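Below are the chains, spelled out letter by letter.
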There are 2 protein chains.
Amino acid sequence: MITISDIAAKLGISKSTVSKALNNATDISVSMRKRVLETAAEMGYINKKLSGAEKKLCILIENMDFETPNQFGHDIVEGFRQMAETDGWLVEVVPLTMEFQRLTPYGVFMLDHGYQAAFILGFSLLDSWMQEFKHTQIPTVLYDNYIKNNPYVASVGCDNQEGVELAVKHLIELGHRKIGLISGPLDSYILKARYHAYLSALKKYGLEINEDYVGLGYFVAESTRAYIPKLLNHGVTAILFSHDVRAFSAMTECSDRGIQIPRDLSIIGFDDLPMTAYTMPPLTTIRQDRHGLGRCGYFAITCLLGGLPIGSILLRAPLIVRDSTGPAPTD
Amino acid sequence: MITISDIAAKLGISKSTVSKALNNATDISVSMRKRVLETAAEMGYINKKLSGAEKKLCILIENMDFETPNQFGHDIVEGFRQMAETDGWLVEVVPLTMEFQRLTPYGVFMLDHGYQAAFILGFSLLDSWMQEFKHTQIPTVLYDNYIKNNPYVASVGCDNQEGVELAVKHLIELGHRKIGLISGPLDSYILKARYHAYLSALKKYGLEINEDYVGLGYFVAESTRAYIPKLLNHGVTAILFSHDVRAFSAMTECSDRGIQIPRDLSIIGFDDLPMTAYTMPPLTTIRQDRHGLGRCGYFAITCLLGGLPIGSILLRAPLIVRDSTGPAPTD
């Protein structure tokens, strides 16, 4: 366990200067504070005696909307907050950019703000802090990401494998044989997981795996516009989407082209956003219980703070059958 | 949701008779009570209004010692109890036999005793209630077992894959190349998982997979006696054991045969039982945080009782390096 004395010795300064820097005192220069925080973070110092009586956690968010109840992240944040605040924590929600991560190491950021643990939402594999998470000793819980072998980092998410398998089984029961996938790019842990779940479900049920049935693209509307006709030309009769918002975009696209859902094409989303029940037709989708994910995220943080090395918590991802899936068209 | 009226209608009896049976009233015959409970369980009835104010959970145990602090199940039970009792639950620990399971369906047993949820320890794939868990609607949490697609059943355990991989990596760093496994029989979900984790770790590190390096047997001492010389004859220099108790038995066996641990043979256990630190030599082993497993089991039950379909919680399984592993012998 790294102490204030260790940091002072390393920097050749007094313990009181280190303490001032860590406790955000005003009578210390900005540059000295920065030096102390960087060194402390590098040495793996954990600030357990924060100044004041504040118990502070943060939710760090990238690439995820959360401000309104219709947005994906909203209920995750709410579920987490409700449990944490009941336990007396102050929870701060901090949207982040990749640029910010490149300029400030995770350890420095956490010490600087006095956060004791973090819940991380929406990070891709390209985020630079993902590298730091491999070695951090700060209790850190990742939604939809996984870090091997670090007992200070836990993961929460849904069982993509089970969810995608239920979706493929449902389509097979409706007579579909050529099943496609339209997804965001595979620079995300979870999109990789869904892609592999799709392949393994097709394999399990003996369906054809064909790269022409798959469309990957960053921009939602553009990739939907490009891939829907391409997949239909290849005889695909049902498409899984990596997110509900992509399925919504497919509804618009199909409507523009006179393709009727589900008569001509069955589609399945992923997430079960609040508005899925009100689209035309209501969307069949794989549910993520986002409020529950937030609660599990907080539970995982309490485990890590208490020294219990939780690795992962997975929720079931049930298939919610609505009207966007129907019998395969007969030629 | 099945009601008392549904059960009464099905049996052609009055609602009050059903109610008496479910609430364990004395003015009803044993045979009528049995008929009502069996029908109620079959119909998936959940008794939410239990008589009295009792909130009751059970821990059902088979094949696992738990009475004293040195025994494997002890801390799992304690971790569960501490959290559940703090929340006002009465927790009953019920050792079970396979015979009992064959005579009484799970649903009937739970209704009969007024338990609202169960934490299941030590069941093998052969236990007949495992079949019932596939369809039960009673909140049920399994330690070291997994049921697919049933949102009323969750699973807690350790990350066997990660733990076994750490063990194999440790042995490779010590120069071992022929690594064996001595395990209980594969009629257990978790022993299957450990066996496959062993195979996949060998594969990952490019080591030879050879069935002569593996010994599976039900009886601990007998199988150790048979397999240790066999594996040594095949040039194995390090052995993983599926449980610490098997590794303890190997220590006795090696001592009898004049085989020195770790000079002649490195051994690694699984569990990190309290006495592993005091064996001669102290045992290198893969830790299961049993108190933490109990706490996670209770958290999973609270999720299921609240309608959150938790699927699994996995703890990390860190490798605890002591003195039973050393450099591979040079011939």
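None of the values given here were measured: they were computed from a predicted structure.

Asks: Describe the overall build of chain A, listing the residues and the values that go with them.
Replies: When its secondary structure is counted, chain A shows 12 helices and 12 strands. Reported as C-alpha extents along the three principal axes, the dimensions of chain A are approximately 80 × 35 × 35 Å. The buried share among the 331 residues of chain A stands at 54%. Considering only intrachain contacts with a sequence separation of at least 6, the fraction spanning at least 24 residues in chain A is 69%. Of the roughly 14200 Å² of accessible surface on chain A, 54% is carried by carbon and sulfur atoms. Averaging the positions of the 31 positive and the 36 negative side-chain charges in chain A gives two centres separated by 5 Å.

Asks: Hey, could you go over helix α9 (residues 189-204) of chain B for me, with residue numbers and the actual values?
Replies: Residues and elements named next belong to chain B. Spanning 16 residues, α9 covers 22 Å between terminal C-alpha atoms, matching the ideal 22 Å at 1.5 Å per step. The set of residues buried in α9 consists of Ile190, Leu191, Arg194, Ala197, Tyr198, Leu199, Ala201 and Leu202. On its buried side, α9 packs onto α8 (160-173), β6 (179-183), β7 (214-216), β8 (238-241) and β9 (266-271).

Asks: For the state of the cysteines, give the residues involved together with the corresponding values.
Replies: What the rule picks out here adds up to 0 disulfides over all chains. In this structure Cys58(B) is not part of a disulfide, and its nearest cysteine sulfur, from Cys303(B), lies 18 Å away. Free of any disulfide, Cys296(B) has its nearest neighbouring cysteine sulfur in Cys303(A), separated by 4.7 Å.

Asks: Residue-level account of the interface of chain B and chain A, with values.
Replies: Taken together, the contact pairs 27 residues of chain B with 27 residues of chain A. For the chain B and chain A pair, buried surface summed over both sides reaches about 2200 Å², with 52% attributable to carbon and sulfur atoms. Together, Phe299(B), Leu308(B) and Arg316(B) form the three largest contributors to the area buried by chain B at its contact with chain A, with a combined 31%. The interface formed by chain B and chain A holds 2 salt bridges in total. The closest approach of N and O atoms between Lys148(A) and Glu165(B), which form a salt bridge, is 3.0 Å.

Asks: Explain empty space enclosed by the protein to me, and be specific about the residues and the numbers.
Replies: Scanning the entire structure with this criterion turns up 2 cavities of 30 Å³ or more. Around the largest cavity sit Val164(B), Leu181(B), Arg194(B), Leu240(B), Phe241(B), Ser242(B), Ile268(B), Gly269(B), Phe270(B) and Ile286(B), which together line it. Within the residue set of the lining of the largest cavity, elements represented by two or more residues are β8 and β9 of chain B. Examining the composition of the lining of the largest cavity, we find that 3 residues originate from one element, β9(B), more than from any other. Here the residues of the lining of the largest cavity sort into 7 nonpolar, 2 polar and 1 charged. Mapped onto the lining of the second largest cavity, the elements with two or more residues apiece are β8 (238-241) and β9 (266-271) of chain A.

Asks: Pulling in residues and values, what's your account of the pairing of β6(B)?
Replies: Walk down a regular strand and you will see the side chains alternate between the two sheet faces. All names here are of chain B. For β6, the buried fraction is high: 5 of the 5 residues fall into the buried class. Of the two faces of β6, the one lined by Ile179, Leu181 and Ser183 and the one lined by Gly180 and Ile182 are each fully buried. Where β6 lies against β8, 4 bridges are found, and the strand directions are parallel. Residue isoleucine 182 lies in a different strand from β8, and its bridge partner there is phenylalanine 241. In this sheet, β7 lies alongside β6 in parallel orientation, the contact comprising 3 bridges. Paired with serine 183 across the strands is leucine 216, a residue of β7. The parallel pair β6 and β7 is bridged by α9, and the resulting crossover is right-handed.

Asks: Go over the packing of helix α3 (residues 30-42) of chain B against helix α6 (residues 106-113) of chain B with me, naming the residues and quoting the values.
Replies: To characterise two packed helices, one gives the angle between the axes of the helices and the distance between these axes. Residues and elements named next belong to chain B. At a closest axis distance of 8 Å, the pairing of α3 and α6 adopts a crossing angle of 120°. Taken together, the axes of α3 and α6 are oblique relative to one another. Classified by chirality, the crossing of α6 by α3 is right-handed. On α6, the residues touching Arg33, Leu37, Glu38, Ala40 and Ala41 of α3 are Gly107, Val108, Leu111 and Asp112. Classifying every residue of the contact of α3 with α6 by side-chain character gives 5 nonpolar, 1 polar and 3 charged.

Asks: Lay out the packing of aromatic side chains in plain terms, naming residues and giving numbers.
Replies: Scanning the entire structure with this criterion turns up 23 aromatic pairs over all chains. Centre to centre, the rings of Phe109(A) and Tyr115(A) are 5.9 Å apart; their planes meet at 40°, and the pair counts as tilted. Judged by relative accessible area, Phe109(A) falls into the buried class, the value being 3%. Judged by centre distance (5.2 Å) and plane angle (55°), the ring pair of Tyr106(B) and Trp129(B) falls under tilted. With Tyr106(B) in helix α6 and Trp129(B) in helix α7 (residues 129-133), this pair connects stretches of sequence that are 23 residues apart. When sorted by exposure, Tyr106(B) lands in the same class as Trp129(B), which is buried. Within the aromatic cluster, the residues linked to one another by ring pairs are Phe100(A), Tyr106(A), Phe109(A), Tyr115(A), Phe123(A), Trp129(A) and Phe133(A). Positioned above the aromatic ring of Trp89(B) is the side chain of Lys55(B), whose terminal nitrogen or guanidinium carbon lies 4.5 Å from the ring centre.

Reading guide: rules and limits
- Residues numbered from 1 in each chain as written.
- Chains lettered and ligands numbered in written order.
- Predicted model: local features only at pLDDT ≥ 70, side-chain atom pairs only at ≥ 80, totals over all residues.
- Heavy atoms only, no water.
- Helix = DSSP H or I, 4+ residues; strand = E, 2+ residues; numbered from the N terminus.
- Buried < 20%, exposed > 50% of the residue type's maximum accessible area, 1.4 Å probe, protein only.
- Contact = heavy atoms within 4.5 Å.
- Areas by Shrake-Rupley, 256 points an atom, 1.4 Å probe, with all protein chains shown as cover.
- Lys, Arg positive; Asp, Glu negative; His and termini not counted.
- Charge placed at Lys NZ, Arg CZ, Asp CG, Glu CD.
- Expected span 1.5 Å × (residues − 1).
- Disulfide = S-S within 2.5 Å.
- Buried area = accessible area lost by both parts, 1.4 Å probe.
- Salt bridge = Lys/Arg side-chain N within 4 Å of Asp/Glu carboxyl O.
- 1 Å grid on protein atoms, 1.4 Å probe; cavity = no way out; pocket = protein on both sides within 12 Å on 5 of 7 lines; lining within 4 Å.
- Points joined across faces, edges and corners; volume = space filled by probe spheres on them.
- Nonpolar A, V, L, I, M, F, W, Y, C, P; charged D, E, K, R; others polar.
- Pairing = 2+ DSSP bridges.
- Right-handed = clockwise from strand over helix to strand, strands pointing away.
- Axes fitted to C-alpha atoms, helices over the stretch in contact; angles between N-to-C directions.
- Parallel < 35°, antiparallel > 145°, perpendicular 65-115°, else oblique.
- Left-handed = near helix turned anticlockwise from the far one by under 90°.
- Phe/Tyr/Trp six-rings, centres within 6.5 Å; stacked < 30°, edge-to-face > 60°.
- Lys NZ or Arg CZ within 6 Å of the ring centre and 35° of its normal.

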